[in-house]
Amino acid sequence: THVVAEPCMNCKYTDCVLVCPVECFYEGDNMLYINPDECIDCAACIPECPVEAIFQEDDLPEQWSSFVELNAEKAPECEVITEQKASLADSGGDCKNAD
Ligand code: F3S
């Protein structure tokens, strides 16, 4: 599966949702999550994220390993998101990786 990691927090650029062929992104308050039961590992979302927050699980940097479980836990509790919206970075959020 693919995993949304720490760089998404307080950013939520949402470019990723536009390319997902199976609509497996779910919106939390501060970040998006991928539902591992739905992700087909196409990898289309990886280059779309401007802050490089998305990884194939096997390529996930060690310091973000807890995000595997977090995505699996949170995605089913959140609403699916399929349309882009204004990022938190643009609305004054504390997006650490914003330009
Ligand atoms: Fe987050 Fe990147 Fe998508 S910041 S919402 S994973 S485009």
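Residues numbered from 1 in each chain as written. Predicted model: local features only at pLDDT ≥ 70, side-chain atom pairs only at ≥ 80, totals over all residues.

By the naming in an unreviewed UniProt entry, the chain goes by Ferredoxin and is assigned to Polystyrenella longa.

The next point concerns the nonpolar core. Ranked by size, the top nonpolar core spans 28 residues in total, and within it V4, C8, C16, F25, L32 and I34 carry the most contacts. Of all elements in the fold, only β1 (2-4), α1 (15-19), β2 (25-27), β3 (32-34) and β4 (54-56) reach the threshold of two or more residues within this core. Per element, the largest residue contribution to this core is three residues, and it comes from β3. Ignoring any residue separated from it by four or fewer positions in sequence, one finds C8 in contact with M31, L32, V51 and A53. (Core = buried A, V, L, I, M, F, W, Y, C linked by C-beta atoms within 7 Å. Buried ≥ 20, exposed ≤ 12 C-beta atoms within 10 Å, placed from the backbone. Helix = DSSP H or I, 4+ residues; strand = E, 2+ residues; numbered from the N terminus. Contact = placed C-beta atoms within 7 Å.)

All right, on to the environment of Q56 then. Note that Q56 resides in strand β4. A tally of 13 C-beta atoms within 10 Å means that Q56 is categorised as partly exposed. Along the primary structure Q56 and H2 are separated by 54 residues, whereas in three dimensions their C-alpha atoms are 4.4 Å apart. With sequence-adjacent residues up to four places away left out, Q56 is seen in contact with H2, D41 and A43.

A positive phi angle is found at N10, which is not glycine, with a value near 65°. Residue placement: N10 occurs in the loop between β1 and α1. For N10, a count of 19 C-beta atoms within 10 Å translates into the label partly exposed. Although it is not a glycine, E52 sits at a positive phi angle of roughly 50°. Tracing the chain through its elements places E52 in the loop between β3 and β4.

What follows concerns helix α2 (residues 66-74). Looking at α2, one finds that the buried residues are F67, N71 and K74. Around the axis of α2, the buried residues are gathered within 85° of arc, so they sit on the same side. Turned more than 90 degrees from where α2 packs its buried face, E69 and E73 sit exposed. As for α2, its buried residues are in contact with β1 and β3. (Arc of directions from axis to C-beta.)

Turning our attention to the sheet that holds β3. Ordered in space as β3-β2-β5, the three strands form an open sheet in which the pairing is antiparallel. The open sheet has two edge strands, β3 and β5 (79-80), and neither has a second partner. Sheet analysis places β2 next to β5, joined by two bridges and oriented antiparallel. Of the residues in β5, the one forming a bridge with Y26 is V80. (Pairing = 2+ DSSP bridges.)

Attention shifts here to the confidence of the model for the chain. Averaged over every residue, the pLDDT of the chain is 95; the share at 70 or more is 98%. Among the prediction metrics, the complex's ipTM stands at 0.96, with pTM recorded as 0.95. (pLDDT = per-residue confidence, 0-100.)

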